[in-house]
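# A look at the structure
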Amino acid sequence: SRDTVRVVALVGNRIPDGFPVPGTQIRYEAGNQIDSLYVYTSEVDCTGEESVCVISPLKQFSTLFFTDEEDGARLRSYNLVIRGTTCGLDAADLSPLEGAYLYTVQEYDKDGRISVRIPRQAESSLMLDFYDKDNYQRLFSTPLGLYLFDAGYDPEARELEDYTIKINFDRALLYLRIADWEEEYIYQLYK
């Protein structure tokens, strides 16, 4: 008999393909955005007559909301691509999984903001690329991961924060605000 058992619970808009076999890894192929995924994991003591496990799923994605000085109008004139080196997580310990993450941002809300969900980041390699909409040529990139980490992104946080990123194209500045925080961080859009 076992003394402990690992409990892993997923709550999301869909269960990732292939989960839970093999293992507990949740990977997203390049071109796919991470789902709104909440995960609970725990070791449960099974040595007594009865064991109880209260499941409290934790948010395992950050939503990045993008806007500009014209309620997103200038942003929508580009194809925006998010790329990085973290492609998912291991649900057993919530650790980030190494692998290519690439997604063309396509979601707009009623306020004109553009949004994308990203997985827990292992390090600061996340990039935001701006492409010409007609010939799909990359025009410029900005090191978004560096800015997130500089603003206090914690890759080991139990739950992940959301971020609002406002871009001023005329002044070539990127303003970053963490959800529910008062501070705003200002960075160069490109060098």
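Structure: above.
These remarks concern the structure in this document. (Residues numbered from 1 in each chain as written. Predicted model: local features only at pLDDT ≥ 70, side-chain atom pairs only at ≥ 80, totals over all residues. Heavy atoms only, no water.)

### Topic: the overall build of the protein chain
Along its length, the protein chain carries 1 helix and 14 strands. Seen along its three principal axes, the alpha-carbon backbone of the protein chain occupies a region of about 65 × 35 × 30 Å. The contacts in the protein chain between residues at least 6 apart in sequence include a share of 61% that link residues at least 24 apart. In the protein chain, 19 positive and 33 negative side-chain charges are present, and the distance between their average locations comes to 5 Å. (Helix = DSSP H or I, 4+ residues; strand = E, 2+ residues; numbered from the N terminus. Contact = heavy atoms within 4.5 Å. Lys, Arg positive; Asp, Glu negative; His and termini not counted. Charge placed at Lys NZ, Arg CZ, Asp CG, Glu CD.)

### Thoughts on the packing of aromatic side chains
Under the definition given, this model contains 11 aromatic pairs. Seen in terms of ring centroids, Tyr 78 and Phe 140 are 6.0 Å apart; in terms of plane orientation they differ by 80°. Their pairing is edge-to-face. With a gap of 62 residues between them, Tyr 78 in strand 6 (residues 78-90) and Phe 140 in strand 11 (residues 138-142) connect regions that are remote in the sequence. The exposure classification of Tyr 78 matches that of Phe 140, with both residues buried. The side chain of Lys 59 reaches across the aromatic face of Phe 61, ending 4.5 Å from its centre. (Phe/Tyr/Trp six-rings, centres within 6.5 Å; stacked < 30°, edge-to-face > 60°. Buried < 20%, exposed > 50% of the residue type's maximum accessible area, 1.4 Å probe, protein only. Lys NZ or Arg CZ within 6 Å of the ring centre and 35° of its normal.)

### Details of the sheet that holds strand 3 (residues 38-45)
Across the sheet, 3 strands lie side by side as 1-3-4; this open sheet has antiparallel pairing. The open sheet terminates on both sides in strands that have one partner only, identified here as strand 1 (4-11) and strand 4 (58-59). Looking at chain direction, strand 1 and strand 3 are connected through 8 bridges and run antiparallel. From the neighbouring strand, Thr 4 faces strand 3, where its bridge partner is Asp 45. (Pairing = 2+ DSSP bridges.)

### Examining the pairing of strand 10 (residues 127-132)
Across the 6 residues that make up strand 10, a large majority, 5, are buried. As paired elements, strand 6 and strand 10 share 6 bridges and run antiparallel to each other. Residue pairing in the sheet places Ile 82 in a bridge with Leu 128 of strand 10. Two elements, strand 10 and strand 11, share 4 bridges in a ladder whose sense is antiparallel.

### Re unusual backbone geometry
With a phi close to 65°, Leu 94 is a non-glycine residue in the positive phi region. Relative to the helices and strands, Leu 94 is located in the loop between strand 6 and strand 7 (95-104). Even without a glycine there, the phi angle at Asp 180 is positive, about 70°.

### Remarks on the nonpolar core
In globular proteins that are soluble, nonpolar side chains generally tend to be buried together. Judged by nonpolar contacts, the single largest core of 42 residues is most densely connected at Leu 64, Phe 66, Ile 82, Phe 130, Leu 144 and Leu 176. Going through the elements one at a time, strand 5 (61-68), strand 6, strand 7, strand 9 (114-119), strand 10, helix 1 (144-150), strand 12 (163-168) and strand 13 (173-178) are the ones with two or more residues in this core. Top contributing element to this core by residue count: strand 6, with 4 residues. Ignoring anything within four residues of it in the chain, the contact list for Leu 64 reads Ile 82, Ile 114, Ser 115, Val 116, Ile 118, Leu 126, Leu 144, Tyr 163 and Ile 165. (Core = buried A, V, L, I, M, F, W, Y, C linked by side-chain atoms within 4.5 Å.)

### A few points about the sheet that holds strand 14 (residues 184-188)
Strands sit in the order 8-9-5-12-13-14 across an open sheet of 6 strands; the sheet is mixed. Here the strands that pair on one side only, and so sit at the sheet edges, are strand 8 (107-108) and strand 14. Summarising the sheet, strand 12 and strand 13 pair through 6 bridges and their orientation is antiparallel. Paired with Tyr 163 across the bridge in strand 13 is Ile 178.

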